[in-house]
Amino acid sequence: MAGRPTRIVSSLQWRLLLVLTIVVTSIAIIGDILAYQTAFRETQDLQDAQLEQIAHLLDPRSSILRRDTQEDLNFPESARTLPKPRVLAQTLDSPYLNILMGDDNAVQNLQQLPDGFHNFTTVARHWRVYLLTRERERIIVAQRTAYRNHIAKDSALSVVWPFLILMPILWLFTAIWIRRLFRATQEMSSELTARNANDLSPLDTRHVPTEIRPFITALNRLFSQLQAAIEHDKKFISHAAHELRTPITALTLQIARFDEPELTIQEQHKLIEQIKAGIARTEQLLIQLLSMARAQHQQQHLIANNAQKTALMPLLRDLIAELLPLAEQKKQNLSFDISEDVFLPVSSNDLYTILKNILSNAIKYTPVDGQICIGIRPTTDNKTILLIEDNGQGISETERQLVFEPFYRILGNNESGSGLGLAIVKTLCDQWHISISLADSGLRNSEQKAGLAVSLIFSPDKLQAQNK
């Protein structure tokens, strides 16, 4: 029961019903008050017109205007039941006027009033009087205010009562209408609840209110992105399983050879070296698989809120120190032309992973005595390019986009690899809004063919240079 009030308060349907009920009730009350006042006033005006009309119809010389009506018009003001309404019509010189009005000074006070309508008060009595002078005779037509108010109140209430009766009906209609209005969202909620975890098909927006349609459209877009991500993960897992199966199968076969009785010592040593190499390749594949998984599932909001900037030169020195033995084995020349004041808007771990994969590929696919150059190139539109060039085999234009796909490898070279290096680089660059492109290098190999140039392009809002 404790959760129900909270659910009602947070319910848009209940809040809308509450607001509309309050607004409709307030408007109805204000309308009733205005209608009551208008009807009351119009009834009073109608009764004034009747008094005036009666005065004009009377003959001022008629003896009726000087006669005692034998009626008691001086009932208390607070009387709950009133006698039958009567209109008092007399001349001001009538000997019965003071008696009828219940005040010995009534005539004297009335004679001081001009012709027209007046609110006249006698001894604790209130009258509405109309005075008219005709043929030198002054006629008074009067009615007790209590009569008039009673008639006006009944007339005004006859106007208000329909509003009061219709108000609960209006509340009920509003509640039914709001419930029908939210039926589409309730049906959609039931549909989502009944779905299984693998059903990411888009929701139908045809019968959805216009105000909710952008939310449903965004939800469908999210479903589509989740479906694409799941398909991508399935494809990645399938490729990873295939890539792992091959070296593990090879290791199993190599280990099984130790059971052969005629295996010589030299063959055993050779087999051990092959097993070590296979284990190293498998280890490298697992490392890249983990790096790829981490890059793909890195939380985007943490990247967007990360305001740190990484100094390029210290990181590059550490990276070259790690990769230099590999380059020295092939007698390659590693050079760089970068100032000490370059800071890049990317985390040090991700920048290290990006550059390590690019330089590892450059060392791997650059021949003996090759060259690898790293430099910063400013552009005319204030962008900064980090350029890594080599004079290796290069990549044909038709494959420059394909190499960013996971597990894609260029055929026709003798180098082993998992095909994940550039895919990891592309994933991290997309997350940090770094543009990456491949082109022909300005360096030439022994066959006078262009090597590969990898450009990492940082926009002004993603790059800031600081002088220490």
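Residues numbered from 1 in each chain as written. Predicted model: local features only at pLDDT ≥ 70, side-chain atom pairs only at ≥ 80, totals over all residues. Heavy atoms only, no water.

(A) Representation of the environment of Gln225. As for its placement among the helices and strands, Gln225 is situated in helix H7 (residues 213–256). The exposure class of Gln225 is partly exposed, given its relative accessible area of 49%. Residues Gln225 and Leu200, spaced 25 residues apart in sequence, show a C-alpha to C-alpha distance of 9.6 Å. (Helix = DSSP H or I, 4+ residues; strand = E, 2+ residues; numbered from the N terminus. Buried < 20%, exposed > 50% of the residue type's maximum accessible area, 1.4 Å probe, protein only.)

(B) Summary view of the side chain of Arg400. When you line up the elements, Arg400 lands in the loop between strand E9 (384–390) and helix H12 (421–431). Relative accessible area serves as the criterion here: at 11%, Arg400 is assigned to the buried category. Among the polar contacts listed, one links the side chain of Arg400 to the side chain of Asp440, at a separation of 2.5 Å. Setting aside residues no more than four positions away along its own chain, Arg400 makes contact with Ile395, Leu438, Ala439 and Asp440. (Polar contact = N/O pair within 3.5 Å; in protein donor to acceptor, adjacent residues only side chain to side chain. Contact = heavy atoms within 4.5 Å.)

(C) Seen up close, the pairing of strand E10 (residues 435–444). Note: E10 against strand E11 (residues 450–458), 7 bridges, orientation antiparallel. Across the sheet, the residue bridging to Ala439 is Ala453, located in E11. What sits between E10 and E11 in their antiparallel hairpin is a turn of 5 residues, with Gln448 showing a positive phi close to 60°. (Pairing = 2+ DSSP bridges.)

(D) Seen up close, helix H11 (residues 348–365). Its 18 residues give H11 an end-to-end C-alpha distance of 26 Å, which sits within 8% of 26 Å, the value for a rise of 1.5 Å per residue. Inspection of H11 places Asp350, Leu351, Thr353, Ile354, Leu355, Asn357, Ile358, Leu359, Ala362 and Ile363 among the buried residues, and these make up the whole buried set. (Expected span 1.5 Å × (residues − 1).)

(E) Spatial organisation of the sheet that holds strand E6 (residues 333–337). One open sheet holds the 5 strands; their spatial order is E6-E8-E9-E11-E10, and the pairing between them is mixed. In this open sheet, the two edge strands, each paired with only one partner strand, are E6 and E10. Pairwise comparison of adjacent strand axes, ignoring direction, gives a mean angle of 20° for this sheet. Helix H10 (residues 312–329) rests against E6, strand E8 (371–378) and E9 of the sheet, and its axis sits at about 170° to E6. (Axes fitted to C-alpha atoms, helices over the stretch in contact; angles between N-to-C directions.)

(F) Region of interest: the sheet that holds strand E1 (residues 88–91). Here 4 strands make up an open sheet; going across it, the order is E1-E4-E3-E2 and the pairing antiparallel. Every other strand in the sheet has two partners, leaving E1 and strand E2 (116–122) as the edge strands with one partner each. Between one strand and the next, the sheet's axes are offset by a mean angle of 30°, whatever the strand orientation. By the bridge criterion, 4 bridges tie E1 to strand E4 (residues 137–144) in an arrangement that is antiparallel. Its bridge partner lying in E4, Ala89 is registered against Val141. Here helix H2 (residues 12–57) sits on the sheet in contact with E2, strand E3 (125–134) and E4, set at roughly 40° to E3. Across the face of the sheet, helix H5 (residues 145–181) comes into contact with E3 and E4 while running at roughly 55° to E4.

(G) Seen up close, the environment of Leu170. As for its placement among the helices and strands, Leu170 is situated in helix H5. The partly exposed category is assigned to Leu170, whose relative accessible area is 36%. Note: C-alpha distance between Leu170 and Thr25 (145 residues apart in sequence) is 9.2 Å.

(H) Representation of unusual backbone geometry. In the Ramachandran plot, Lys331 falls in the positive-phi region, its phi being about 55° despite a non-glycine side chain. Judged by its relative accessible area of 61%, Lys331 is exposed.

(I) Broad picture of the nonpolar core. Counting residues in each nonpolar core, the largest one holds 45 residues, and the members touching the most others are Leu312, Leu316, Ile338, Leu355, Leu359, Leu386 and Leu456. Of all elements in the fold, only H10, strand E7 (342–344), H11, E8, E9, H12, E10 and E11 reach the threshold of two or more residues within this core. At 8 residues, the largest contribution of residues to this core is made by H10. Excluding residues within four positions of it along the chain, Leu456 makes contact with Ile354, Leu355, Ile358, Thr384, Ile385, Leu386, Cys429, Ile434, Ser435 and Ile436. (Core = buried A, V, L, I, M, F, W, Y, C linked by side-chain atoms within 4.5 Å.)

Remember, this is a structural readout, not a statement about activity or role.
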